[in-house]
Amino acid sequence: MTLRILVTGASIAGPAAAYWLDRTGHDVTVLERTPEPRTGGQNIDVRDLARDVLERMDLLDAVRRAGTGEVGLRFVDEDGGTVSEFPAHAGGDGGDGPTAELEILRGDLAEILRDACGDGVTWCYGDHVVDLDDSGSAVTVTLAGGTTHEFDVVVVAEGPRSRTRDLVMTGDRTPLLDRLGMYSAWLTVPRTDADDRWWRWLNVPGSRSVHLRPDNTGTARAMLNVMTDETGLADLDPHDLRAELRERFADVGWETPRILAALDDADDLYVDDLTQVRCPTWSHGRVVLLGDAAWCITPIGGFGTSLALIGASVLAAQLQRSSSPDEAFAAYESWLRPLVEESQDLPPGAPRVANPRSRAGVALFRTGTRLAASGPVRSVASRLGSGSGSGSDEQRTLPELDAS
């Protein structure tokens, strides 16, 4: 049966779903709020079963070729000296540590997924959903632009604060938004001779950290993290936001002054109040959630990109093998929820343990990373930063798809 399916969101989960839904015979439209495809973005990775998904899509080599070239994670001190390091595949068994085999910029992966979609996928930019009316046999979708459209299924593949999700998931279906008490600011900065192929991480007192990561475009990707109980930082206007970041990181050494100096020219500055999403259910009627809108893991938990790819494949497979959307959505959630819940189960003390308040705490954390990088425990420590879900799906098999 051919279904008319609307997918809202064109980052990772949305295009991945469009790929599989089109290839399993459905009429797919992707709707994205931004006026054009989003490029750039920060470093993300693909792990475990998600690599199998890419292989099924015949995209594994394309993603590998578009990789950032990151060779591992190196903790540094205020002078840039190495405290400890975790080279890629440090575990010696080919497993993924902080740096995965497949490290790529978000925008590059999104572009690869979009380009892989067939001509049957319709892309609509610069509009968004303002109302959903589910009659039981179809969903009437009203867009901000004033038009209405009818679909058999709506897949909400948006971010953790999805407005489309919140039109449907109300009452006892309302998701829990679990703030981690940490803000992350991402931006692209000019590359200098000091930059190499390592992800470099500096911890400083005040529960702050500064990161620089390589990319494949001749620049570098910076991240400023701060833990605080304050709210509203992510909602500041651009001028006030830049001023706030300068004030909070003004006393930090290493490459931090260079990052702060780049704030004014950074057109991709993005700040997020890291929040996990826990939904009691991922579907209602003919509307189903996918990706961060359903289960945001946050970068602290990792594995979010991989879950988006896995989830898109599982959803399409269950729609193909089921007699109704209700049956398919139930099977999709039953298969995927254990993996999501394990991924959301952060290590004890995270993210506080990696963002100490005091100088003594920073010193203790650095000592801990040195111990973790030592030979006797390196195979275990290589999981640091790899995501709670990494490795949890080793015994799972992806549902088969009959794709054209």
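Remember, predicted model here, so these are calculated numbers, not experimental data.

What counts as what
Residues numbered from 1 in each chain as written. Predicted model: local features only at pLDDT ≥ 70, side-chain atom pairs only at ≥ 80, totals over all residues. Heavy atoms only, no water. Patch = residues over 30% accessible without salt bridge, like charges linked within 9 Å, V, L, I, M, F, W, Y side chains within 5 Å. Areas by Shrake-Rupley, 256 points an atom, 1.4 Å probe, with all protein chains shown as cover. Salt bridge = Lys/Arg side-chain N within 4 Å of Asp/Glu carboxyl O. Lys, Arg positive; Asp, Glu negative; His and termini not counted. Charge placed at Lys NZ, Arg CZ, Asp CG, Glu CD. Helix = DSSP H or I, 4+ residues; strand = E, 2+ residues; numbered from the N terminus. Phe/Tyr/Trp six-rings, centres within 6.5 Å; stacked < 30°, edge-to-face > 60°. Buried < 20%, exposed > 50% of the residue type's maximum accessible area, 1.4 Å probe, protein only. Pairing = 2+ DSSP bridges. Core = buried A, V, L, I, M, F, W, Y, C linked by side-chain atoms within 4.5 Å. 1 Å grid on protein atoms, 1.4 Å probe; cavity = no way out; pocket = protein on both sides within 12 Å on 5 of 7 lines; lining within 4 Å. Points joined across faces, edges and corners; volume = space filled by probe spheres on them. Nonpolar A, V, L, I, M, F, W, Y, C, P; charged D, E, K, R; others polar.

(A) Inspection of a negative patch on the surface at higher detail. Taken together, the side chains of Asp131, Asp133, Asp134 and Asp326 present a region of like negative charge at the surface. The leading source of residues in the negative patch is strand β8 (residues 129-134), at 3 residues. Its location among the elements puts aspartate 133 in strand β8.

(B) Representation of the packing of aromatic side chains within the structure. This structure, assessed with the given rule, holds 9 aromatic pairs. For the pair tyrosine 19 and tryptophan 20, a centre-to-centre distance of 5.0 Å together with 85 degrees between the ring planes defines the contact as edge-to-face. The class for tyrosine 19 is buried, based on a relative accessible area of 6%. You can call tryptophan 20 buried: its relative accessible area is 3%.

(C) Quick peek at the pairing of strand β14 (residues 208-214). When you tally the buried positions in β14, you get 7 out of 7 residues, the bulk of the element. What you see with β14 is no split at all: Arg208, Val210, Leu212 and Pro214 on one side and Ser209, His211 and Arg213 on the other are buried throughout. Pairing analysis gives 5 bridges linking strand β13 (residues 198-204) to β14, with the strands arranged antiparallel. Opposite arginine 200, over in β14, you have leucine 212 as the bridge partner. The turn linking β13 back onto β14 is made up of 3 residues, and glycine 206 within it adopts a positive phi angle of 90 degrees. Across 7 bridges, the pairing between β14 and strand β15 (residues 219-227) is antiparallel. Pairing of valine 210 across the sheet is with leucine 224, part of β15. The loop that links β14 with its antiparallel partner β15 comprises 4 residues; one of these, glycine 218, has a positive phi angle of about 85 degrees.

(D) View of the nonpolar core. One finds Trp295 and Ile310 to be the most contacted residues of the largest nonpolar core, which totals 82 residues. When residues in this core are grouped by element, the largest group, 10 residues, is from helix α10 (residues 304-321). Membership of the second largest hydrophobic core comes to 26 residues, among which are Val189, Ala220, Trp254 and Ala266.

(E) View of empty space enclosed by the protein. Taken as a whole, this structure holds 2 cavities of 30 Å³ or more when the rule is applied. Counted as a void, the largest cavity has a volume near 40 Å³. Contributing to the lining of the largest cavity are Arg191, Asp195, Asp196, Trp198, Arg200, Leu212, Arg213, Pro214 and Ala220. Put simply, the parts of the chain that give the lining of the largest cavity at least two residues each are β13 and β14. Counting residues per element, the lining of the largest cavity draws most heavily on β14, which supplies 3 residues. Looking at the lining of the largest cavity residue by residue, the class counts come to 4 nonpolar, no polar and 5 charged. In this model, the second largest cavity occupies a volume close to 30 Å³.

All we've got here are geometric facts, nothing functional implied.
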